[in-house]
Amino acid sequence: MPRDKVIALLTDFGLEDNYVGTMKAVIAGIKPGASVIDVTHGVRPQDITGGAFMLSSSYKYFPEGAIFVVVVDPGVGGERRVLCAQTGKHIFLAPDNGVLGPVLSEESEENVVSLVEVSNLKFFLHDVSGTFHGRDIFAPVAAHLSLGVNPARFGPRINEFKRLDVPGPVNAADGTLSGEVIYVDRFGNLITNIDRARIEAGNARVLSVTIGKKEIEGLGATYSDGRPGETLALIGSSGYLEIAENCGNACESLGCSRGEKVTVRFNKG
Amino acid sequence: MPRDKVIALLTDFGLEDNYVGTMKAVIAGIKPGASVIDVTHGVRPQDITGGAFMLSSSYKYFPEGAIFVVVVDPGVGGERRVLCAQTGKHIFLAPDNGVLGPVLSEESEENVVSLVEVSNLKFFLHDVSGTFHGRDIFAPVAAHLSLGVNPARFGPRINEFKRLDVPGPVNAADGTLSGEVIYVDRFGNLITNIDRARIEAGNARVLSVTIGKKEIEGLGATYSDGRPGETLALIGSSGYLEIAENCGNACESLGCSRGEKVTVRFNKG
Amino acid sequence: MPRDKVIALLTDFGLEDNYVGTMKAVIAGIKPGASVIDVTHGVRPQDITGGAFMLSSSYKYFPEGAIFVVVVDPGVGGERRVLCAQTGKHIFLAPDNGVLGPVLSEESEENVVSLVEVSNLKFFLHDVSGTFHGRDIFAPVAAHLSLGVNPARFGPRINEFKRLDVPGPVNAADGTLSGEVIYVDRFGNLITNIDRARIEAGNARVLSVTIGKKEIEGLGATYSDGRPGETLALIGSSGYLEIAENCGNACESLGCSRGEKVTVRFNKG
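Residues numbered from 1 in each chain as written. Chains lettered and ligands numbered in written order. Predicted model: local features only at pLDDT ≥ 70, side-chain atom pairs only at ≥ 80, totals over all residues. Heavy atoms only, no water.

Rotating chain B by 120° and moving it 0.0 Å along the rotation axis overlays it on chain A with an RMSD of 0.0 Å. Look at the turn and shift together and you get a three-fold axis relating the two. Relative to the rotation axis, the closest C-alpha in chain B is found at Leu-15 of chain B, a distance of 5.2 Å. Looking at chain B, a mere 12% of its interface residues are interface residues in chain A too, so the copies touch through different faces. (Least-squares fit on C-alpha atoms with pLDDT ≥ 70 in both. Contact = heavy atoms within 4.5 Å.)

Quick look at the structure:
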């Protein structure tokens, strides 16, 4: 008997309203006892970049066969398409607005096996609203996927998907590396777009990391490498350079947030 | 083998404390492996009207046999009764304070098959506190329901339940229709008490919707019918007239919230 | 066949980010279909005392065999140990920072059968980050526990664990009992460190409870013993003296929060 496939939900719906609960109700009606895991529903409303980061930093930890339902969808009911992307290990359902960009990009370990535009009404709820496709399209299609329906039945095969227009880090002529804060978590940790590979590429030691008016010496390995209240820079758990405060909130202490520029200096030689 | 019945939890407990987790612990102790779905726990503290709206706009999406546990209960421990209402498709457990009003009202598709006052201590936790019936009464009773216990064993049959005293929309002599905002969701969408049937009753086209100082022309079908930042009126996913802002937050932009008056003008002729 | 053991998660991760979702993904990869219950993830960042209270006031309601994973861990990646404590009924996984103190203390009904330092890399994720042991250590170890792995395989047996340095209530020479607010819940209820046993010890009737400038006469049994808006004192659902406001928020009305002193006066004779 095949193992039960996990359905992983990631939305900007929050948990204040009944939107997530209603999606789970629809799934339970089609696939009773489905295994559903909430990746998060705390993406800021309509924040496609934030949703993409939440997905790309978590999907690798899900078991093979997981079905990701990513609903950060400011264009709901408009002309944007609904994508179903199958890769070697997972299936991703999402609006074609860039939210799957990082996960499906060439840097990723995920290789797209098939890409389909989801349009077959047969797999939707009978009445499709213009404003809640999470309930009317994404939830029922995900439930059918977990029942083993082949994505090819959802609609025509397509070749292109929208990528996300996010700035990457930049190597300057003076040998420094510049990037920016792309996510701030609950603890006030400032997560940048500079990944471990980029930092280690030059085989040089990090001298300092500058954010706002703050210059931080070297890299730490864990939060408690600093004294309580000390700001430090380290490679965080998602593999990106992160500015944190031991037992504190770096976002508040530094007055920095998303978009803030970060510069890394190296010791060449 | 009978299908597993879903237990659907809807409370004002929030997720900051351990109240919801403790209810689930009690359920798991009586019915290991129970299928529990959180409708939402984000109802504002003691907001019976908000809880009733969350329930009435989601219950239809749950599979047949679902057991709803609705704990918005400012009168906990006092003289209010605990209701168990069985309808053709679902079972509802809630304090008798009006929160089940809309779902059980005559307009609803749900027909009440039996109505019982839950009072049989045999199905409660051994020690019943005066302040947390979610844990001590609602959770264990729901778990027993999911095991197949007949509601008639919970207590005496009753004939009446408390209805909710909420204002409905009003047709004025000048042909306009007036209502008010009854719910504001995470996205700042302003949901009114004017339902689709009421708007379509006159077979007339909507000319404009007025809220606060804002007059909106006609009805849209989806958020992206407006330009980004544009305010629009549409029939939302729960079937009610809603004022929204494309890629924005209508509640903040208009400075309107719950209770705000809304007027619909029609093109007669 | 042995019953499925519940994995109970209690963290300060919040639900805005993907931390909790990623822990659940790791668990699902090792133990497909695991029964996971969220106690709460709303503990304030790095608030060990708050986490300890959330645990001690809920664990008794979980079924026997439950595996508690308590990740409030400001010292993550540093020298603090990871504990696995087995008691007669439950298993507790947590950093050795005091968060298990109240549950394992002698006053508790839980008797520690074995205490192990979790250090065997074989049960961790392959790459262990310095900042997210919830994902890399706690989640996989919990999943292995739920598969029936003996805690003795996780590392060496130890004899000591860190206790929490929290102030207890004090009996004064004038016969009064003094304590403080240790937790404020979503409803603004002010929960103190004075438990029922302490209040009932003297076999005397409570005359009044004083908090800030407010003196409350006697004890109520439930919130609705007060008029709407009235402040009252009662023994709350976790067994501690609590100051609440009927249909209101005592924390806001009284301007009191955690740490506020509370004095109980008795009628002797």
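Once the structure has been displayed, the description carries forward.
Note on interface size: it is often stated as the accessible area lost on association of the parts. All names here are of chain A. When the domains of chain A are assigned, the result is domain 1 (6-154) and domain 2 (170-267). Here the C-alpha centre of domain 2 lies 32 Å away from the C-alpha centre of domain 1. Contact with domain 1, which involves eight residues of that partner, is made by seven residues of domain 2. Across the domain 1/domain 2 interface, buried area totals approximately 570 Å², and carbon plus sulfur atoms make up 63% of it. Of all residues in domain 1, Arg-44, Phe-53 and Met-54 bury the most surface against domain 2, accounting for 63% of the area lost on that side. Across the domain 1-domain 2 interface, the total number found is one salt bridge. Across the pair Arg-258 and Asp-47 runs a salt bridge, and its minimum N-O distance is 2.5 Å. (Domains from an automatic or database assignment. Buried area = accessible area lost by both parts, 1.4 Å probe. Salt bridge = Lys/Arg side-chain N within 4 Å of Asp/Glu carboxyl O.)

Contacts between the two partners involve 33 residues from chain B and, on the opposite side, 32 residues from chain A. The contact between chain B and chain A buries some 2,400 Å² in all, and 55% of this surface belongs to carbon and sulfur atoms. Counting the surface chain B buries against chain A, the share from its top three residues, Tyr-61, Arg-186 and Phe-187 of chain B, is 31%. At the junction of chain B with chain A, the criterion picks out one salt bridge. Notably, a salt bridge pairs Arg-186 of chain B with Glu-16 of chain A, separated by 3.7 Å at the nearest N-O pair.

Now for the packing of helix α1 (residues 19-30) of chain B against helix α4 (residues 133-146) of chain B. All names here are of chain B. Where α1 contacts α4, the two axes come as close as 8 Å, and the packing angle between them is 40°. Here α1 is positioned oblique relative to α4, judged by the angle of their axes. Between α1 and α4 lies a crossing of right-handed hand. Note on element contacts: α4 touches α1 through Gly-134, Arg-135, Ala-139, Pro-140, Ala-143 and His-144, opposite Thr-22, Met-23, Val-26, Ile-27 and Ile-30. (Axes fitted to C-alpha atoms, helices over the stretch in contact; angles between N-to-C directions. Helix = DSSP H or I, 4+ residues; strand = E, 2+ residues; numbered from the N terminus. Parallel < 35°, antiparallel > 145°, perpendicular 65-115°, else oblique. Left-handed = near helix turned anticlockwise from the far one by under 90°.)

The subject of this paragraph is the relation of the copies chain C and chain B. Taken together, a rotation about one axis and a shift along it account for how the two chain copies relate. Of the two same-sequence chains, chain C is brought onto chain B (RMSD 0.0 Å, axial shift 0.0 Å) by a rotation of 120°. Here only 12% of the contact residues of chain C are again contact residues in chain B; the copies associate through non-equivalent surfaces.

We now examine the side chain of Arg-135 of chain B. Tracing the chain through its elements places Arg-135 of chain B in helix α4. Using a relative accessible area of 3% as the deciding quantity, one classes Arg-135 of chain B as buried. If we ignore the near neighbours within four places in the chain, the residues touching Arg-135 of chain B are Thr-22, Met-23, Val-26, Leu-125, Ser-129 and Pro-140 of chain B together with Tyr-61 and Ser-237 of chain C. (Buried < 20%, exposed > 50% of the residue type's maximum accessible area, 1.4 Å probe, protein only.)

It is worth spelling out the environment of Ser-119 of chain C at this point. Residue and element names in this part refer to chain C. Mapped onto the elements, Ser-119 comes out in the loop between β6 (112-117) and α4 (133-146). Accessibility expressed as a relative area gives 35% for Ser-119, which makes it partly exposed. Considering only alpha carbons, one finds Ser-119 and Arg-186, 67 residues apart in sequence, at a separation of 37 Å. Excluding its chain neighbours within four sequence positions, the residues that come into contact with Ser-119 are Phe-124, Phe-154, Gly-155 and Pro-156.

What follows covers the sheet that holds strand β3 (residues 67-71) of chain C. All names here are of chain C. Taken in spatial order, the six strands line up as β2-β1-β3-β5-β4-β6 in an open sheet, and their pairing is mixed. This sheet does not close on itself; its edge strands, each paired only once, are β2 (35-40) and β6. Recorded for the sheet is a direction-independent mean angle of 20° between the axes of neighbouring strands. In this structure, strand β1 (residues 6-11) lies alongside β2, joined through five bridges in parallel fashion. (Pairing = 2+ DSSP bridges.)

What follows concerns helix α2 (residues 48-56) of chain A. Of all nine residues in α2 of chain A, seven are buried, a share of seventy percent or more. Residues of α2 of chain A that are buried: Ile-48, Gly-50, Gly-51, Ala-52, Phe-53, Met-54 and Leu-55 of chain A.

Throughout the structure, instances matching the rule amount to 27 salt bridges over all chains. Arg-135 of chain A serves as the salt-bridge partner of Asp-136 of chain A, at 2.6 Å between the closest nitrogen and oxygen.

Turning our attention to the interface of chain C and chain B. At the junction of the two partners, chain C supplies 33 residues and chain B supplies 32 residues. Buried surface at the junction of chain C and chain B, summed over both partners, amounts to about 2,400 Å²; 55% is from carbon and sulfur atoms. On the chain C side of the contact with chain B, Tyr-61, Arg-186 and Phe-187 of chain C bury the most area, a combined 31% of that side's loss. The interface formed by chain C and chain B contains one salt bridge.

With that settled, the discussion passes to a nonpolar patch on the surface. Together, Leu-15 of chain A, Leu-15 of chain B together with Leu-15 of chain C line one region of the surface with nonpolar side chains, adding up to about 200 Å² of accessible area. Relative to the helices and strands, Leu-15 of chain B is located in the loop between β1 (7-11) and α1. In this structure Leu-15 of chain B comes out as partly exposed when scored by relative accessible area, which is 34%. (Patch = residues over 30% accessible without salt bridge, like charges linked within 9 Å, V, L, I, M, F, W, Y side chains within 5 Å. Areas by Shrake-Rupley, 256 points an atom, 1.4 Å probe, with all protein chains shown as cover.)

Quick look at the packing of aromatic side chains now. Throughout the structure, instances matching the rule amount to 30 aromatic pairs over all chains. Centroid distance Phe-62 of chain A to Phe-68 of chain A: 5.0 Å. Interplanar angle 75°. Geometry classified as edge-to-face. Ring plane angle 15° and centroid distance 5.1 Å describe the contact between Phe-68 of chain A and Phe-92 of chain A, whose orientation is recorded as stacked. Within this pair, whereas Phe-68 of chain A is found in strand β3 (residues 67-71), its partner Phe-92 of chain A is found in strand β5 (residues 91-95), the two being separated by 24 residues in sequence. As far as the burial class goes, Phe-68 of chain A and Phe-92 of chain A line up, both buried. Grouping aromatic residues by their ring pairs yields a cluster made of Phe-13, Tyr-19 and Phe-132 of chain A together with Phe-187 of chain B. Positioned above the aromatic ring of Phe-123 of chain A, the side-chain terminus of Lys-122 of chain A is 5.7 Å from the ring centre. (Phe/Tyr/Trp six-rings, centres within 6.5 Å; stacked < 30°, edge-to-face > 60°. Lys NZ or Arg CZ within 6 Å of the ring centre and 35° of its normal.)

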